[in-house]
Amino acid sequence: MIAPAPARPPNPLRRLAGRRFLARAAILFEAIWPALCAPLALIGVFVCAALLNLPPLLPSTLHVALLALILLAVVGLLFRGFRNIRLPDDRAADRRLEMRSGLIHRPLSVLTDKPATADAVGLALWQAHAARAITQIGRLRVGLPRPGLARRDPRAMRYGVLLCLLACLWIANTDAPARLYAAVTPSLPVEPAAPATELQAWITPPAYTRIAPIFLKAEGGNVSVPAGSHLTVNVSGGSTAPTVSLNDRTGTFSALDRSSFQAEWDLTRGGHLTVQRDGRTLAAWILTVVADQPPVAAWGDNPGRPPSGQQTRLPWQVSDDYGVTALQAELHLRDRPDAAPLAVTIPLPGGSPKAAHGLSQPDLTAHPWAGLPVVGRLVAHDATGQTGSSADVTFELAERPFHNPVARMLIAARKSLSIHPDDRGDALEALDGLMQHPEVFTGDIGAFLDLSATYYDLVRNHADTVVPETQDMMWQLALHLEEGQTEQSARSLEEARQAARDALDKAQQQPNAETRQELAKKLEELRQAIERHMQALMEEAQRNNSVMPFDPKAMQLSDRDMQRLAKQAEQAAKEGRMADAQQQMAELERMLDQLRTARTQGNDSKQANSKRQRGKRQQSVVQDLIAREGGLLDHAQQRGNASPSPGPTPTDPKAARDADSRVQQALRRALGELMQQFTDLSGEASPGLGEADQAMRDSATQLNQGQDQEAGEAQQQAIAALQKGNKEMGQAMAKMGQQPGQGGEGEDSDQDGSEGAMGMMMPDGQRADGRGTGPLPGSPDRADPNGRDPLGRSNQGNSADNADVAVPEERERQRTQAIQEELRRRGANQERPRQELDYIDRLLKQF
């Protein structure tokens, strides 16, 4: 086995070389650091001033002088401090090592000295001395540098400078880099103009930009202006006319007086703008002319026919750098692209917005394209005449729903003429079919004559203008058939009223014979419109075998009084008595407002009666649901008692449960439809019916799992919840001022679909257990077999058979009194909403 070689001892002289290097570095640092203290202190003071943003406050010349002085002072201090510094040698390094290590008699000098004698004894003694010196190398210590700053700076001013630096850094915060840069980069101004010379320059942007004039600084700079801006430069002082140049274009100043000059330019392009005089530059700028961009238009979400309502949705959004001045929707008929477009103006908010969005909902139901698909495009305009268009979108225009079958046929023929104006065959065929059946007009001879005139106009007149004219006649006839003469006369009255109001305002602003004559004409048209409307109201009352929806004496709506007021206002206008005409017009306006309010209340009464009947039918359906749910509960209890029931009930428990589960699911579907219909009617949901729906679902689940007892409990909960929901329905209807009963009567049940849901579930009115419950409440099968309605009147249309009907006058009087007392009781409760209290006050006035 080979023994490892012994480790070589470290070389003491190599270790001494390392110690000498560190000693020389320490000596050099002790010499350099004191030389740097003074320059660094001066630089620190300048940095503090720079962080406080003081140098930029000085004039440019003083700022430059300060920088030069600081630089010279730093260089001088560095030169004075470094001129006597020498690099240390080995002897100096040995002296430091000996002093820091505590060695005496300078032992390191033995390594370089030689003995004076060469005898053997002296040489051996010298070698022993050298060996002892080498052994002391391991104890050599360099020590930390000691530059002696405390001796040079006994007041410790160096720490004050450091503290000031930290405080100024905290003050400058994130602005420190910018402030330091500004302190060492003074701004040297452009050569100033000659003394007594004053220059003013400004740029006026175009008016449509709504930007204030931009004043140019005399020291120059970069300026961005809109295209079409106007430059104005004024120079005062001196006798020589200056010149202005933009790139390669040069212009002269016009003299305002002996020492004032002015130049004006329209800026169409940018560049280097310079004002000079006598070869010297007075001012210079770099102009950037920004071109006006065209506007941007785009469609919003879901344009076209709304889910409900008769107004076409036109959602839009526009933007422009200086503002959009106009916006319109151009609609092209999809099936006839060559037709002239329909332009719909869309109002913009705030005049000319730079960016805006909104929703315009114009009523286009009277247009021949209503209900037809169109291709729409938004077109935006700016002040310079530039346009921006959106992408094309296809949608349908909203249309008015018509319930009268003749009106629907007229509207369909009107649409066919819009799509195929050159092919009148389909429209003529539809009109001819109506003319063959005059009985559909129910004695309205005027409507039949209008239809005949429209038909023969299409047949005989082949001009291009006849199609729009006949389409308008079809629209007016359809409105007449749908609304009746009353609604049309009301619309005409409102138009005449607005025209008279506008004519009165114009006559007051421009009092002359022409405006007074125009006002008299409009007042005469208003008087005729009032006469036609009152006549239509009376004819409507006679047709419906009813009375007017108001009391003319109580409401002061006498036709004679209104005619008198209109005549007096017309006469006053002709004679120039505008104050009297205005007073008569105000009184007439008040009476017309009362007339409109009275008709609105009459329509509200009809709607309330319809809601009352629908509420009755819906509550009758709830009663039937309770009965049918009770049948399911009977089945569950019979199966739970293990006693088979007679009759058609299945003897197999599983088959019976399956049958009951199907019935339960059908009952739940019917309840869901009823809940939706009641919510649409009253505007609020019934929590009780919701609980019944949950209980029915639990019942069906338990039946499918074969748990009759749990199913019976769920059915009991469903019955209780249905009874609770029935009560809530009555309360909800009472809030709307209606008192529905428990059974349906008098109206056809298929109007709201409530009983239709039950009929779909259980045809022929059969219960789940096979026993017939009879016809549903309100169905025609519950009619009296003797041909009388629930009030005892004959259904045969013979009024003589109704002579035996007793009119319950006393009962009606008591009921009226009870209603009046209830209204007073509710009106005394001031905690009710103000809208409800006002409504109660209006009802009490009718008593």
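Residues numbered from 1 in each chain as written. Predicted model: local features only at pLDDT ≥ 70, side-chain atom pairs only at ≥ 80, totals over all residues. Heavy atoms only, no water.

### Examining the overall build of the protein
Cut-off, in case you're wondering: Working definition: helices are DSSP H or I runs of at least four residues, strands are E runs of at least two. Numbering for both runs from the N terminus. The classification of residues rests on relative accessible area computed with a 1.4 Å probe and restricted to protein chains. Under 20% of the type maximum is buried, over 50% is exposed, and intermediate values are partly exposed. Should any heavy atoms of two residues lie within 4.5 Å, those residues are considered in contact. Working definition of accessibility: Shrake-Rupley area with a 1.4 Å probe, residue cover restricted to the visible protein chains.
Within the protein, the regular secondary structure consists of 22 helices and 18 strands. Within the protein, the fraction of its 847 residues that count as buried is 37%. Across the protein, the fraction of contacts at a sequence separation of at least 24, relative to all contacts at a separation of at least 6, is 69%. If you sum the accessible surface of the protein, you get close to 49300 Å²; carbon and sulfur atoms cover 54% of it.

### Some points on the pairing of strand E10 (residues 280-290)
The line we're drawing: By the convention used here, strands pair only if DSSP detects at least 2 bridges between them.
Bridging between strand E3 (residues 221-226) and E10 involves 6 bridges; their strand directions are parallel. Bridged to Val223 within E10 is Leu287. Between strand E9 (residues 271-277) and E10, which pair antiparallel and follow one another directly, the connecting turn spans 2 residues, one of which, Asp278, has a positive phi of 55°.

### A short note on the sheet that holds strand E4 (residues 230-236)
Strands sit in the order E2-E1-E4-E8-E7 across an open sheet of 5 strands; the sheet is antiparallel. Each edge of the sheet is formed by a strand with only one pairing partner; in this case those strands are strand E2 (214-216) and strand E7 (254-255). Judged from the 3 bridges that link them, strand E1 (residues 198-204) and E2 form a sheet pairing that is antiparallel. Bridged to Ile203 within E2 is Ile214.

### Let's talk about helix H6 (residues 157-172)
Going by this rule: Multiplying 1.5 Å by the residue count of a helix minus one yields the expected span of that helix.
Here H6 is 16 residues long and its end C-alpha atoms lie 23 Å apart, about the 22 Å a rise of 1.5 Å per residue gives. Of the residues flanking the end of H6, it is Asn173, one or two places downstream, whose phi is positive at about 55°.

### Description of the packing of helix H17 (residues 653-682) against helix H19 (residues 708-735)
A packed helix pair is summarised by two numbers, namely the angle formed by the two axes and the spacing between the axes. As a reminder of what qualifies: In this analysis an axis means a line fitted to C-alpha atoms, helices contributing only their contacting stretch, and an angle means the value between N-to-C directions, from 0 to 180 degrees. When an angle is under 35 degrees it counts as roughly parallel; over 145 it counts as roughly antiparallel; between 65 and 115 it counts as roughly perpendicular; any other value is oblique. Crossing handedness follows the turn of the near helix against the far one: under a right angle anticlockwise gives a left-handed crossing, and clockwise gives a right-handed one. Classes in brief: Ala, Val, Leu, Ile, Met, Phe, Trp, Tyr, Cys and Pro nonpolar; Asp, Glu, Lys and Arg charged; the others, Gly included, polar.
Where H17 contacts H19, the two axes come as close as 13 Å, and the packing angle between them is 20°. Our classification of the angle between H17 and H19 gives roughly parallel. Note on packing geometry: the crossing formed by H17 with H19 is left-handed. Judged by residue contacts, Arg657, Gln664, Leu671, Phe678, Leu681 and Ser682 of H17 engage Asp708, Gln715, Leu722, Met729, Ala732 and Met733 from H19. When grouped by side-chain class, the residues that make up the contact of H17 with H19 number 7 nonpolar, 3 polar and 2 charged.

### Quick word on the packing of helix H8 (residues 405-419) against helix H11 (residues 466-483)
At a closest axis distance of 9 Å, the pairing of H8 and H11 adopts a crossing angle of 160°. Between H8 and H11, the angle is such that the two are roughly antiparallel. H11 is crossed by H8, and the crossing has left-handed handedness. For the pair H8 and H11, the contacting residues are Val406, Ala407, Leu410, Ile411, Ala413, Arg414, Leu417 and Ser418 in the first and Val467, Thr470, Gln471, Met474, Trp475, Leu477, Ala478, Leu481 and Glu482 in the second. When the residues that make up the contact of H8 with H11 are grouped by side-chain class, the tally is 12 nonpolar, 3 polar and 2 charged.

### Focus: the environment of Val47
Inspection of the secondary structure assignment puts Val47 in helix H1 (residues 12-51). C-alpha separation for the pair Val47 and Val184, spaced 137 residues apart in sequence, amounts to 9.9 Å. Among all residues touching Val47, those that are not within four sequence positions of it are Leu165 and Leu180.

### So, the side chain of Asp693
You can see Asp693 is positioned in helix H18 (residues 687-704). Apart from the residues within four sequence positions on either side, Asp693 is in contact with Arg668, Leu671 and Met675.

### Brief notes about the environment of Arg826
Summarising the element assignment, Arg826 is placed in helix H21 (residues 809-827). Residues Arg826 and Glu836 lie 10 residues apart in sequence; the distance between their C-alpha atoms is 9.4 Å.

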